[in-house]
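Here are the chains, one letter per residue:
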Amino acid sequence: MLVEMEVDDGGVLFEDYFPSMMEGLGAEGFILELCHGFHLLMDVEKGLITLESLRRSTLQLGLQEMGDDELLWMLSEGDLDGDGALNQTEFCILMMRLSPGLMDQAPKMCTRVS
């Protein structure tokens, strides 16, 4: 499981499992898992995560309470090229940015590589 989600009156709450996944899978394994997540959410014909593919995914994930405004916000947060959808790279970058635990670990990981 990448992220545990709960819906309450204030919106969607996410539990960040990414740091433990990175530790357990290693960087390459973690990126592979993100790519699997992308493929679950994408529109197969377009090869992108679109508003329509997110709508379908919310039903499958039990998050049908999420409205189009929230889904459009999610897309806009990661849409780097301005096409209104997410490609695999944009999705992976967004997932990394949205993980406070991974962002906290980033300086340590860069220091180890140097």
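Re the packing of aromatic side chains
- Enumeration according to the criterion identifies one aromatic pair in this entry.
- Taken together, a centroid distance of 5.9 Å and an interplanar angle of 55 degrees make the contact between Phe38 and Phe91 tilted. One end of the pair, Phe38, is in helix H1 (residues 18–41); the other, Phe91, is in helix H4 (residues 88–97), and 53 residues separate them in sequence. Assigned by exposure class, Phe38 and Phe91 land together as buried.

Structural notes on the environment of Glu52
- Relative to the helices and strands, Glu52 is located in helix H2 (residues 51–60).
- As for Glu52 and Ala85, which are separated by 33 residues in sequence, their C-alpha atoms are 10.0 Å apart.

A look at the pattern of salt bridges
- Applying the stated criterion across every chain, the model contains two salt bridges.
- Asp68 is paired through a salt bridge with Arg55; the nearest N and O atoms lie 2.7 Å apart. Pair noted here: Asp68 is in helix H3 (residues 68–78) and Arg55 is in helix H2, with a separation of 13 residues, a long-range link.
- For Arg55, a relative accessible area of 34% corresponds to the partly exposed category.
- With a closest N to O distance of 3.2 Å, Glu77 and Arg97 form a salt bridge. Separated by 20 residues along the polypeptide, Glu77 in helix H3 and Arg97 in helix H4 bring together distant segments of the chain.

Focus on H2
- Regarding H2, the residues found buried are Leu51, Ser53, Leu54, Ser57 and Thr58. Here the buried residues of H2 occupy an arc of 155 degrees about the axis, which is enough to place them on one side. Opposite the buried face of H2, at more than 90 degrees from it, the exposed residues are Leu59 and Gln60.
- Two residues or fewer after H2 comes Gly62, characterised by a positive phi angle close to 75 degrees.

Brief notes about the nonpolar core
- In this structure, Ile49, Leu75, Leu86 and Phe91 are the most contacted members of the largest nonpolar core, which totals 20 residues.
- The greatest single-element share of this core, amounting to seven residues, is contributed by H1.
- Once residues within four sequence positions are removed from consideration, Leu86 is found in contact with Phe38, Leu48, Ile49, Leu75, Gly78, Asp79, Phe91 and Leu94.

Description of the packing of H3 against H4
- One can describe the packing of H3 onto H4 by two numbers: an axis separation of 8 Å at closest approach and a directional angle of 100 degrees. The pairing of H3 with H4 is recorded here as roughly perpendicular in orientation. Touching Met74, Glu77 and Gly78 of H3 are Glu90, Leu94 and Arg97, all from H4.
- Along the lines of polarity and charge, the residues of the contact of H3 with H4 split into two nonpolar, one polar and three charged.

Reading the values: the criteria
- Residues numbered from 1 in each chain as written.
- Predicted model: local features only at pLDDT ≥ 70, side-chain atom pairs only at ≥ 80, totals over all residues.
- Heavy atoms only, no water.
- Phe/Tyr/Trp six-rings, centres within 6.5 Å; stacked < 30°, edge-to-face > 60°.
- Helix = DSSP H or I, 4+ residues; strand = E, 2+ residues; numbered from the N terminus.
- Buried < 20%, exposed > 50% of the residue type's maximum accessible area, 1.4 Å probe, protein only.
- Salt bridge = Lys/Arg side-chain N within 4 Å of Asp/Glu carboxyl O.
- Arc of directions from axis to C-beta.
- Core = buried A, V, L, I, M, F, W, Y, C linked by side-chain atoms within 4.5 Å.
- Contact = heavy atoms within 4.5 Å.
- Axes fitted to C-alpha atoms, helices over the stretch in contact; angles between N-to-C directions.
- Parallel < 35°, antiparallel > 145°, perpendicular 65-115°, else oblique.
- Nonpolar A, V, L, I, M, F, W, Y, C, P; charged D, E, K, R; others polar.

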